[in-house]
2 protein chains.
Amino acid sequence: MARAIDENKLTRIYEAAIYQVVEEGYGGASISSIARKADVAVGYLYRFYPGKHDLINHLLDNSINEIVTELELMLERVISVNEIVVLLVDYFFNMAQHRPHHVKFIYQMLSQSRFSLSEERRSNIRDLSRRVLQLGQDSRAIGPRYSYDEVFILMVMVPMEYINLNLKSFFDDRPLTERDSARVIEIVSVALRG
Amino acid sequence: MARAIDENKLTRIYEAAIYQVVEEGYGGASISSIARKADVAVGYLYRFYPGKHDLINHLLDNSINEIVTELELMLERVISVNEIVVLLVDYFFNMAQHRPHHVKFIYQMLSQSRFSLSEERRSNIRDLSRRVLQLGQDSRAIGPRYSYDEVFILMVMVPMEYINLNLKSFFDDRPLTERDSARVIEIVSVALRG
DNA sequence: AAACAATGAATGAACAGTCATTCATTAATC
DNA sequence: GATTAATGAATGACTGTTCATTCATTGTTT
C-alpha cells in the first residue's frame, strides 16, 4: 500500500459541499469553491465521485438515510405515535442547533422539483409512513381519514418548515427554543388526531 | 415616440425565467437560455433589469404580491377564518392547475435561505397573518396558543407543501383532485382550532 | 539499517465550453 | 431624419472535468 486515504478530507469535502450548496445554490456551488473551502485539490473530488452531480446526490441520499435509520430505530422500541412525534421533532430541532446547514440542505433539496431521491429512499419513506399511520390508527392517535403521505407531511415536512423559516429569520431573528419544539409537537399531534 | 415596447415580450420573459429557474435552478437558468425560450435577444433582458438577480428577485416579489393582494381582498369581505382557509387553499390549487411552475417557483424560492423577500413584502405577510390570527381568536376558530407565524405556516406553507410534493410526484404520479384540496382544508382547519 | 523500487494518494495546470454583461449596430416607428 | 426599441457578437471571468505529475508511504533488496 501507498498512502492511506485521509478520511478527514472526505468529511471536509462533505461539509464544504453542503455549506456551499445551501449558501450559493447547486449551480453556485462550484467544484473549485468546494475544494477551496475543504482545503483539497480540485481533482481530488473526482477520486470518489464521477462528477459534481453524483457527489451532491450522494450527500442528499446519505442525509435522508440518516433520518430513515433514526425513525426505524424509534419504531423498533414500539411506542405511541405521540412519542414518535416528540422524538422526531426533537431530532430535527437538535439537528437545527448543531448542524443548521444540514437541515437547510435537506429541506432545500426536497423542495426543488429537479432533485429526486433514489427509488430506494422513497420506498423507505413510504414504508415508514405507512407503519406510523397503521400504528396511529390502531390507537386513535391518527384520524381515520389520514393517508400515509399526509402523515409524512405533518410529521416531517411541517417541523422542517418551521425550522427553516426560523433559520431564515423570515419573521424575526430569534433562536429556536424549547417552546418552539413544544409548539410544533402540539400542532402536529392535534392535526394528526383529526 | 419610435417603436412601442412589446409588452408581450416582457411577459414571455417572465414565463421563461420562472420556467427555467424551476427546471434548472437559479444558477442553471442562464440569461441566454431564458432569452432563447422567450424568443428574445440576450441584451433585451438588460433593458428593464440591471442584472439577472434583479429580474428574478422582481419576479418573486411580484408573485408574493399577487398572493398578498388576493388575501387582502378576501379579508375585506370579512368572513370566517374557515372560509379564508377554503378560499386560500382553492387559490393555491387553482394556481397549481393552471400555472404549476409558478407554485413551484414561489415555494422553491421561499425554501432557499439565500433568497429573501423585500422588507415591504415581509411586512405585508406579518400584517395579514396577524389580522387572520385576531379574527380567528375572536371567533375561536384559532386556538389561544397560536402566534401569527404559526398561522402563516399552516395556512400558506402547508398547502404549498402538499401541492409541491404532488407536482414532484414524490409519492405517486397522480393529478391533484377536489379530494386533495378538501383534505388540506380539513387538516389545516383542525390544526388551527388547536 | 540503508537504499531502492513500487504503489496509489493527492495535486493543479490545461481544456473546451458557458456564464453575465456590454454596447456598437440595426430596424421600426414617428 | 430623428428617436428609440431591439439585436447579438464580443469580452473576460469562471465552469466541470481530465490527467500527467508529484509526493508520501510501503515492502523488498542489499
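If you're wondering where the values come from, they're calculated on a predicted model, not measured in any experiment.

### As for the protein's contact with DNA strand D
Ile 31 and Tyr 46 of chain A together with Arg 3, Tyr 44 and Arg 47 of chain B are the nearest of the 22 residues found near DNA strand D. Put simply, 71% of the atoms of DNA strand D that lie within 4 Å of the protein are in sugar or phosphate. Between a phosphate oxygen of DNA strand D and a side-chain N or O atom of Tyr 44 of chain B, the distance comes to 2.4 Å. Take Arg 47 of chain B: an N or O atom from its side chain is 2.7 Å from a base nitrogen of DNA strand D. Of the residues contributing to the surface near DNA strand D, the split by class is twelve nonpolar, four polar and six charged.

### Considering the interface of chain A and chain B
The partner chain B presents 45 residues to the 45 residues of chain A that form the contact. Contact between chain A and chain B buries roughly 4100 Å² in total, counting both sides, with carbon and sulfur atoms accounting for 59%. Looking only at chain A, the three residues that lose the most surface to chain B are Lys 168, Phe 170 and Phe 171 of chain A, adding up to 17% of its buried area. Taken together, chain A and chain B are joined by four salt bridges. Between Arg 145 of chain A and Glu 186 of chain B there is a salt bridge; the shortest N-O distance is 3.7 Å. On the surface where chain A and chain B come into contact, there are 16 residue pairs in polar contact (both at pLDDT 80 or more). Residue assignment for the side of chain A that touches chain B shows that the elements contributing at least two residues are helix H1 (7-28), helix H5 (100-111), helix H6 (119-138), helix H7 (148-167) and helix H8 (178-193) of chain A. The dominant element in the side of chain A that touches chain B, judged by the number of residues it contributes, is H7 of chain A, at twelve residues.

### Things to note about the pattern of salt bridges
All names here are of chain A. Counting across every chain of the model gives 20 salt bridges over all chains. Note that Asp 172 and Arg 174 form a salt bridge whose closest N and O atoms lie 3.6 Å from each other. Assessed through its relative accessible area of 36%, Asp 172 is described here as partly exposed. Taking the shortest distance from any N to any O, the salt bridge between Glu 186 and Arg 183 comes out at 3.9 Å. Within this pair, Glu 186 and its partner Arg 183 are both found in helix H8, separated by three residues, close to a single helical turn. We classify Glu 186 as partly exposed; its relative accessible area is 30%.

### Section: the domain arrangement of chain A
All names here are of chain A. Along its sequence, chain A is organised into domain 1 (1-48) and domain 2 (53-193). On the domain 2 side, the residues contacting the eleven residues of domain 1 number 13 residues. For the pair domain 1 and domain 2, the summed buried area comes to about 1200 Å², and 76% of that belongs to carbon and sulfur atoms. When the buried surface of domain 1 facing domain 2 is broken down by residue, Ile 18, Val 22 and Tyr 26 rank first, second and third, together holding 55% of it. Where domain 1 packs against domain 2, one counts zero salt bridges. When the residues that make up the side of domain 1 that touches domain 2 are grouped by side-chain class, the tally is nine nonpolar, no polar and two charged.

Thresholds applied
Residues numbered from 1 in each chain as written. Chains lettered and ligands numbered in written order. Predicted model: local features only at pLDDT ≥ 70, side-chain atom pairs only at ≥ 80, totals over all residues. Heavy atoms only, no water. Near = heavy atom within 4 Å. Polar contact = N/O pair within 3.5 Å; in protein donor to acceptor, adjacent residues only side chain to side chain. Nonpolar A, V, L, I, M, F, W, Y, C, P; charged D, E, K, R; others polar. Contact = heavy atoms within 4.5 Å. Buried area = accessible area lost by both parts, 1.4 Å probe. Salt bridge = Lys/Arg side-chain N within 4 Å of Asp/Glu carboxyl O. Helix = DSSP H or I, 4+ residues; strand = E, 2+ residues; numbered from the N terminus. Buried < 20%, exposed > 50% of the residue type's maximum accessible area, 1.4 Å probe, protein only. Domains from an automatic or database assignment.

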